[in-house]
Amino acid sequence: MSGNTDFFPIERNRYFYGKLLTVRDFEIEQTYARRSSQLMNRLAFGAGVICGLGVSASDDSTLLIESGMAIDYLGRMVAVEEPLLRKLQMIDGQESIQGKASAYLCLDYQETDLEPVNAVGAVSGQQRQCNITREGAHLFLTAQEPEYRALLEASGKDNVTVLYSSDELSLILAVPEAVCAGREFTAELLVVKNENTPPVYFQLNGDSGFVDSDDGRLHLEFRESPEEKRRVYQVPFRLKARQMSDLQSPFLPSGGEIDLELGSHRYKNYVEVDAKCFLCRDIFQLAERNRLIDNLDRRLKGRDIPIYLAKLELLHTAGSMFIVSVTNLPFGQRITQEGGASGDNGPRTVTSSVRTLEYWQKPDVKANYQPSTGALHFDFGIPSPEQYDYAVSHGTVDLTLPSGVRVNSKIYSEEIPHGLGPGTVDVRLSIEFADHGAGDETTLCFGNSEIFVRSKTKNVPMGVPWVEAAAVVYPRRGTMRIGLWLHDMVEGNRLTVHYFAQKPERDTNRIMAQRKVGISVTPEFSHVAVRGTIRFQAEVTGSEDKSVRWVVKEENGGVIDHNGIYQAPELPGTYEIVAISNTDESVTASAFVIVE
């Protein structure tokens, strides 16, 4: 295998009359065109599969590779002109994967010299040369795991940290180098596992230098569904930067605690995360910073990285090797039509989240697009189910039983008020009886009493009357009538019927009035140095939603984030900090800070 290993210097021939053209001059002519084309491919499109090149198992030992084209990390076009059927034993590197549970099918660029001819006038030992060099593709197998840091950095990721690595699982975290204060950004976790690796549960916790959260700590969590059959996951985490700016902050200053579960095995440890992030004051500063770091060294990383077409899970028995499963493009090395790794013609990732609103609030949606990462995030606000308040009423009605034979007879009450006034009500009825099996204790029977009649089962109530009860409600008058159907003889000369009526109410104003939401802020008065920080806390009463929105009343009075962490301005003075209830924006509380 041979070919260009560098893009520079870019040199071309300069022609003039009388110039003696040699082999070197013609090579320069070709090299100039190739380097220019390759450099443009790499910078404009990135590296990865353009089309095709899907991999599947034709049988338990044969791979089918579709035709297609890719661009490698040196900008060279790698084409597979027609579909290929390859036995594992026919692919280069097959001896290196013997006995391995998993392997990678890789693709890289290859040159092959063709048409040997006699070189007339060549020096001794060079008389036999090839007339043509064919550019093509080289497929090979390897059990070696990728160098994940180089792989992710070559795809444009920053702050890459390997959190955990073993034969059965690797966890790699990538964090942006710069984010916008007060705005969301995406950290990404790469999860690589094998066929026999149990379902993965992962947590990373720690005190965060700049991530905004309810308790000021970072919480990343991933739980793999047992039904999932994937071997590689690229898990995005939507995080929000604190409202602080113009500073470089570590992602986890004191390191993070990993909590990892693989089936019954549990692993806990502390890990250093060598990731720092610059907090920009606005999207314009973020865009400018991204432009400054977007240079050739950043764009041309990973020149020796192959294209990982597939991850193979293997089974070895009796000296033979079989394919268990195939995962295509495990590391997402693909060039999309919307733009390559370096393009920005549209969003490259779209994520969403859902907020729960009060039931009387209107649905809403917010969109946040980050040009630096090509991430588009939708935040949907969905009202909770409507809440009801119920008025209830309970009473009894005594119905006199007919004399003589009572089997299959029916009796009715007079029209009586149910106590809830006009409107639709829900009425439930029960029959009172004396349970002979419990010392004639007074008991109520709801529903179909036939279930208990003449039952011989131990501990089942005895003496349950076999009757059916029903009610007719008159919504306009706020009254009802109760009827009984006697299916069998009943003891005594009367039956007592209990009714339970309830009426739903939807008086939002009354429900809100009952809440009596209140806020208190601590500390009420405080002193802080110029550009210093202090944390305010808000206690919300009368509402299940304890969250508040923080604002600084004065226009140039500093900034405060979602956690109540206030950063003072450069100008001394007294400033008012206001906490606003997210349940009821009319409820507020203030605190005052003196900046000295």
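In what follows, the structure referred to is the one given above.
Residues numbered from 1 in each chain as written. Predicted model: local features only at pLDDT ≥ 70, side-chain atom pairs only at ≥ 80, totals over all residues. Heavy atoms only, no water.

## A word on the overall build of the chain
Looking only at helices and strands, one finds five helices and 41 strands in the chain. Taken over the C-alpha trace, the chain has a radius of gyration of 38 Å; the compact-globule value for 596 residues is 25 Å, which it surpasses by more than 25%. Summarising its shape, the C-alpha atoms of the chain cover approximately 135 × 80 × 45 Å along the three principal directions. Buried positions account for 42% of the 596 residues belonging to the chain. Put simply, 66% of the contacts in the chain that link residues at least 6 apart link residues at least 24 apart. Approximately 33,000 Å² of the chain is accessible, and the part contributed by carbon and sulfur atoms is 50%. Charge centroids of the chain, computed over 61 positive and 81 negative side chains, lie 2 Å from each other. (Helix = DSSP H or I, 4+ residues; strand = E, 2+ residues; numbered from the N terminus. Rg over C-alpha atoms; globule rule 2.2 N^0.38 Å. Buried < 20%, exposed > 50% of the residue type's maximum accessible area, 1.4 Å probe, protein only. Contact = heavy atoms within 4.5 Å. Areas by Shrake-Rupley, 256 points an atom, 1.4 Å probe, with all protein chains shown as cover. Lys, Arg positive; Asp, Glu negative; His and termini not counted. Charge placed at Lys NZ, Arg CZ, Asp CG, Glu CD.)

## Here we look at empty space enclosed by the protein
Scanning the entire structure with this criterion turns up one cavity of 30 Å³ or more. One number sums up the size of the largest cavity: a volume of about 40 Å³. In terms of lining residues, the largest cavity is bounded by E145, Y148, S166, D167, E168, L169, S170, V192, K193 and N194. Mapped onto the lining of the largest cavity, the elements with two or more residues apiece are strand 10 (169–174) and strand 12 (184–193). Residues of the lining of the largest cavity, tallied by class, amount to three nonpolar, three polar and four charged. (1 Å grid on protein atoms, 1.4 Å probe; cavity = no way out; pocket = protein on both sides within 12 Å on 5 of 7 lines; lining within 4 Å. Points joined across faces, edges and corners; volume = space filled by probe spheres on them. Nonpolar A, V, L, I, M, F, W, Y, C, P; charged D, E, K, R; others polar.)

## Quick notes on the pairing of strand 20 (residues 307–317)
Where burial is concerned, most of strand 20 is hidden: eight out of the eleven residues are buried. Examined bridge by bridge, strand 7 (residues 102–118) and strand 20 share six bridges and lie antiparallel to one another. What sits directly across from C106, in strand 20, is Y308. Hairpin geometry of strand 20 and strand 21 (residues 320–328) is characterised by an intervening segment of two residues between the two adjacent antiparallel strands and by a positive phi of about 50° at A318. (Pairing = 2+ DSSP bridges.)

## Remarks on the pattern of salt bridges
A side chain with one charge may pair with a side chain of the opposite charge, provided their charged atoms come close. Tallied over the entire structure, the rule returns 22 salt bridges. Linking D59 and K87 is a salt bridge whose minimum nitrogen-to-oxygen distance equals 3.8 Å. Placement of D59 in strand 2 (residues 55–59) and of K87 in strand 6 (residues 84–87) is noted, with a sequence separation of 28 residues between them. The salt bridge partner of D259 is R266, with a shortest N-O separation of 2.6 Å. Overall, the relative accessible area of 48% leaves R266 in the partly exposed class. One salt-bridge network, in which partners are shared between bridges, spans R34, E111 and E135. (Salt bridge = Lys/Arg side-chain N within 4 Å of Asp/Glu carboxyl O.)

## A short note on the sheet that holds strand 17 (residues 256–262)
What the four strands build is an open sheet, ordered 14-13-17-18; its pairing is antiparallel. Each edge of the open sheet is held by one strand with a lone partner, namely strand 14 (217–223) and strand 18 (265–271). Each strand axis lies, on average, 10° off the axis of its neighbour in the sheet, ignoring direction. Pairing analysis gives six bridges linking strand 13 (residues 200–207) to strand 17, with the strands arranged antiparallel. Note on strand 17: the bridge partner recorded for Q203 is D259. (Axes fitted to C-alpha atoms, helices over the stretch in contact; angles between N-to-C directions.)

## A look at unusual backbone geometry
With an omega dihedral of -10°, the bond running from T522 to P523 counts as a cis peptide bond. Mapped onto the fold, P523 is located in the loop between strand 33 (518–522) and strand 34 (525–528). Within the chain, N159 stands out as a residue other than glycine whose phi angle is a positive 45°. Summarising the element assignment, N159 is placed in the loop between helix 2 (148–154) and strand 9 (160–165). Look at N159 and you get buried, because its relative accessible area is 18%. Positive phi, close to 65°, is recorded for N408, a residue that is not glycine.

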